[in-house]
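Observations on chain architecture
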Amino acid sequence: MKHKSSKQQPSLKDRIEKAREGLVYVSETDAQIELFFNASMNEPSAKELLRWLGKQDETVAESADPEDFFGRLTSAKEWHMKDQTRNVLKFKKLQQLLEKELANLRVIRIGKIRVETYVIGKSKEGILGIKTFSVET
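The text that follows walks through the structure, step by step, so that each part is easy to find. (Residues numbered from 1 in each chain as written. Predicted model: local features only at pLDDT ≥ 70, side-chain atom pairs only at ≥ 80, totals over all residues. Heavy atoms only, no water.)

**What about the sheet that holds strand E4 (residues 61-64)?**
What counts, and what does not: Following DSSP output, two strands are said to pair if at least two bridges run between them. Each helix is a run of DSSP H or I of at least 4 residues and each strand a run of E of at least 2, with the numbering of both proceeding from the N terminus. To obtain an axis, a line is fitted to C-alpha atoms, over the contacting stretch when the element is a helix, and the angle between two such axes runs from 0 to 180 degrees between their N-to-C directions. Contacts: residue pairs with any heavy atoms within 4.5 Å of one another.
The antiparallel open sheet is built from 5 strands, whose spatial order is E3-E7-E6-E5-E4. Strands at the two margins of the open sheet, each flanked by one partner only, are strand E3 (34-38) and E4. Going across the sheet, the axis of each strand differs from the next one's by a mean of 30 degrees, ignoring polarity. Where E3 lies against strand E7 (residues 126-135), 5 bridges are found, and the strand directions are antiparallel. Residue Asn38 lies in a different strand from E7, and its bridge partner there is Ile127. Against the sheet, helix H2 (residues 46-53) engages E3, E4, strand E5 (103-110) and strand E6 (114-123), with an angle of about 60 degrees to E5.

This is the structure in structure tokens:
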């Protein structure tokens with residue numbers, strides 16, 4: 001008798017990687033949305049992230065609500081072109097995935113003009129999420 005090979009569910013990292021593909025965070029400069037993963041951090045906190053990045057002394061960090069980060073990215077406008085509408089839907093799917101799968105989801109912004117932004121939470125694999133940067137003058 002043949003055994004059917006069970007198709008393995010993609011890992012959460014793989015699902016986030018796929019969801020963020022092709023997405024860009026638009027500010028005064030455009031930046032890719034990248035996967036963030038860290039198995040050695042215990043909590044998705046600004047203090048722990050700064051320590052891990054080695055930036056605890058020279059950097060300003062602020063936490064924001066995930067809705068603040070995703071708000072403008074997931075708002076469809078009637079003037080959007082086809083690719084912009086597609087990106088709104090992709091950002092909505094990414095937001096839903098992160099909110100559903102990650103505990104203590106946080107947005108951590110580091111810096112003043114060149115701002116690194118992390119949308120991270122806790123999973124059984126470690127601290128996981130996305131990162132990007134923006135220029136805000």
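Continuing now.
**Concerning helix H1 (residues 12-20)**
In an α-helix there are 3.6 residues to a turn, and that puts residues three or four apart on one side. The cut-off we apply is this: Type-normalised accessible area, obtained with a 1.4 Å probe on protein chains alone, sets the label of each residue: buried when under 20%, exposed when over 50%, and partly exposed for intermediate values. The directions from the helix axis to the C-beta atoms form the arc being described.
If you check which residues of H1 are buried, you get Leu12, Ile16, Ala19 and Arg20. Down the axis of H1, the sector holding all buried residues measures 90 degrees, keeping them to one side. Check the buried side of H1 and you find it contacts E3, helix H4 (82-101), E6 and E7. Directly after H1, the chain includes Gly22, whose backbone phi takes a positive value near 80 degrees.

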